[in-house]
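Residues per chain are reported as follows:
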Amino acid sequence: MGAATSIGIVGGGQLAWMLAEAARRRGVELHVQTPGAQDPAVALASSVVHAEVRDVQATRELASRCSAISFENEWVDLEGLKALAADGVPFVPDLEALRPLVCKRSQRELLQRLNLPSPAWFPLAQVHEPPPQQQADPDAAAESTSTPPAPSGPALPQGFAYPLMAKAASGGYDGKGTEVLRSDTDLEQLLAQVDAEGWIVEEFVSFELELAVVAARDSLGEVVCLPVVQTHQHQQVCDWVLAPYQAPHALQQAVRNIAASLLTSLNYVGVLSIELFYGPRGLLINELAPRTHNSGHYSIETCDLSQFDLQLLCVAGQTVAEPELVAAGALMVNLLGFEERVADDPDSSYASQREALAGLADAHLHWYGKAGSSLGRKLGHVTLLLHQDDPVARRAEAMQRLEQVRQIWPLPPGPDPAQPS
Ligand code: ADP
């Protein structure tokens with residue numbers, strides 16, 4: 001890989017910014033399409049097409065500067081981009097491989113089709129359909145001509161009970177676009193507020209842990225995985241990640257098999273991230289992200305190939321190798337906005353907190369340079385390298401390091417709405 005390689009990325013947030021850093025290290029040109037002059041990746045990009053990410057004409061302009069195009073996130077206009085693909089613009093991953101991944105409903109359908117473990121779900125609009133026995137039972141139908149049925153409200157499909165988790169099929173992130181439903185009243189309120197066609201409802205999973213893995217597949221079909229990690233959420237936003245999660249061998253293998261099945265069946269080239277629940281029912285896939293992911297940021301300092309290196313290699317048409325840990329492990333802590341600060345507030349750069357975090361032993365601070373701060377917004381992250389080889393001692397070390405970060409950077413206030421009361 002070298003200066004001859006030039007890659008385009010649709011999006012200019014923190015993921016594109018970290019990709020641009022990796023591109024610099026590898027001598028690759030990275031051009032970005034992003035609307036804001038202050039967006040994180042702008043300062044590091046070789047060039048910028050200033051436009052919304054769904055502006056297809058702008059992506060055509062981006063393509064004229066690069067040999068291949070990839071995406072920062074899944075909010076892309078697949079239909080609009082088809083014309084560019086037909087004209088020979090190489091998208092990595094391919095638009096058809098992306099199609100089932102850009103919405104939570106099509107993800108659930110894909111997982112069902114592949115028989116991969118995931119929470120039971122139904123389309124929200126189904127609560128308006130009469131239960132199947134009412135349609136099938138002719139006696140009931142005959143009766144209903146004489147005695148009209150009492151008008152009934154929305155009803156859960158058979159086998160589902162509260163609490164449930166409702167999710168917008170597209171456009172949600174960091175818990176925005178998810179609602180815990182605890183009762184018929186919650187369900188009716190949601191139905192009054194949203195277009196039911198655009199939502200799905202899942203069983204509320206009582207997991208013990210959340211795990212994640214970043215996988216990549218190159219154009220020769222080789223699949224590699226970063227180590228499996230534990231993720232911890234606060235108010236449905238990733239709070240910290242512990243790498244590696246010392247999973248039993250069979251669990252590691254199951255995660256790998258899930259990744260390989262997904263990537264291979266989609267003929268997907270590029271990086272794909274998988275979020276999982278782990279508990280009494282084993283593994284259940286929560287979400288797929290067709291891109292690099294917050295759960296893989298630790299790999300920048302902790303692996304010989306980071307998730308961003310893997311994305312660059314795949315998009316440049318090169319082969320990938322299995323990433324290896326270069327430290328015993330790492331704790332990555334997200335720096336979530338813990339107060340509202342407007343962009344022109346001189347304190348919005350959190351200079352003193354940043355200095356203190358950067359001064360911690362073995363700490364690597366990544367500050368995204370976003371304008372302003374709001375509650376829960378991801379403003380940066382800090383990766384702390386861990387030294388203990390023994391998994392139990394390493395977890396204890398990680399929790400001590402977390403406490404040090406908390407002294408400097410508190411969590412945003414508020415209860416965790418993901419927990420059913
Ligand atoms: P987003 O796309 O907004 O990140 P997710 O689907 O990843 O939404 O959900 C965010 C968090 O909410 C998860 O990490 C998990 O903690 C919780 N969550 C999501 N789905 C469920 C579920 N079905 N049961 C229990 N908790 C869930």
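Residues numbered from 1 in each chain as written. Predicted model: local features only at pLDDT ≥ 70, side-chain atom pairs only at ≥ 80, totals over all residues. Heavy atoms only, no water.

J.: Outline the site of the ligand, supporting the account with residue identities and numerical values.
T.: Of all residues adjacent to the ligand, which total 19 residues, the nearest are K104, K167, G175, E202 and E210. In this structure, a nitrogen atom belonging to the ligand sits 2.8 Å away from a side-chain N or O atom of E202. The fraction of the free accessible surface of the ligand (540 Å²) that becomes covered by protein chains is 95%. Secondary structure elements with two or more residues in the shell around the ligand: β6 (164-168), β8 (199-203), β13 (270-279) and β14 (282-289). Of the residues contributing to the shell around the ligand, the split by class is six nonpolar, five polar and eight charged. (Near = heavy atom within 4 Å. Polar contact = N/O pair within 3.5 Å; in protein donor to acceptor, adjacent residues only side chain to side chain. Areas by Shrake-Rupley, 256 points an atom, 1.4 Å probe, with all protein chains shown as cover. Helix = DSSP H or I, 4+ residues; strand = E, 2+ residues; numbered from the N terminus. Nonpolar A, V, L, I, M, F, W, Y, C, P; charged D, E, K, R; others polar.)

J.: An account of the pairing of strand β4 (residues 68-71) is requested, with residue identities and associated values reported.
T.: Burial along β4 is two-sided: A68 and S70 and I69 and F71, pointing in opposite directions, are all buried. Here strand β1 (residues 6-10) pairs with β4 via four bridges, running parallel. Bridging from a neighbouring strand, G8 pairs with I69 of β4. (Buried < 20%, exposed > 50% of the residue type's maximum accessible area, 1.4 Å probe, protein only. Pairing = 2+ DSSP bridges.)

J.: An account of the nonpolar core is needed here, citing residue identities and associated values.
T.: A general trend in soluble globular proteins is that nonpolar side chains are found buried together. If you look at the biggest cluster of nonpolar residues, it comprises 46 residues, and the most contacted ones within it are L30, V32, Y298, F308, L310 and L312. Listing elements by their share of this core, those giving two or more residues are β1, α1 (14-26), β2 (29-34), β9 (209-217), β12 (237-243), α11 (307-315) and β15 (329-336). Among the elements that line this core, the one with the most residues is α1, at eight residues. Contacts of Y298, omitting those with residues within four sequence positions, involve L226, P227, V229, V241, A243, C303, A330, M332 and T383. (Core = buried A, V, L, I, M, F, W, Y, C linked by side-chain atoms within 4.5 Å. Contact = heavy atoms within 4.5 Å.)

J.: Provide a residue-level description of the sheet that holds β4, including the pertinent values.
T.: Strand pairing within a sheet occurs via backbone hydrogen bonds; the two strands may be parallel or antiparallel. Read across the sheet, four strands follow the order β3-β2-β1-β4 without closing on themselves; strand pairing throughout is parallel. Because the sheet does not close on itself, it has two edges, and the strands there are β3 (47-50) and β4. Shown here is a sheet whose adjacent strand axes are inclined to one another by a mean of 25 degrees, direction ignored. As defined by bridge partners, β2 adjoins β3 across four bridges and the pair is classed as parallel. Bridge pairing in β3 places Q33 opposite V49. (Axes fitted to C-alpha atoms, helices over the stretch in contact; angles between N-to-C directions.)

J.: Can you break down the packing of α1 against α11 residue by residue, with the values?
T.: In contact at an axis separation of 9 Å, α1 and α11 are set at 70 degrees when each is read in the N-to-C sense. By the angle class used here, α1 and α11 are roughly perpendicular. Between α1 and α11, the residues in contact are L15, M18, L19, A22, A23 and R26 and F308, D309, Q311, L312 and L313, respectively. Here the residues of the contact of α1 with α11 sort into eight nonpolar, one polar and two charged. (Parallel < 35°, antiparallel > 145°, perpendicular 65-115°, else oblique.)

J.: So, the sheet that holds strand β7 (residues 178-181): which residues are in play, and what are the values?
T.: In spatial order, the strands read β5-β8-β6-β7; together these four strands make up an open sheet with antiparallel pairing. Strand pairing shows two members of the sheet lacking a second neighbour, β5 (121-123) and β7, which therefore form its edges. In this sheet, neighbouring strand axes are inclined to one another by 25 degrees on average, regardless of whether the strands run parallel or antiparallel. Summarising the sheet, β6 and β7 pair through four bridges and their orientation is antiparallel. When the bridges of β7 are listed, M165 appears paired with V180. Its contacts with the sheet place helix α5 (residues 104-113) against β5, β6 and β8, and it is angled at close to 130 degrees to β5.

J.: Which residues make up the pairing of β6, and what values do they have?
T.: Across the five residues of β6, five count as buried, placing the element largely inside the fold. Neither face of β6 is exposed, since L164, A166 and A168 on one face and M165 and K167 on the opposite face are all buried. As paired elements, β6 and β8 share five bridges and run antiparallel to each other. The residue bridging M165 from the neighbouring strand is E202, located in β8.

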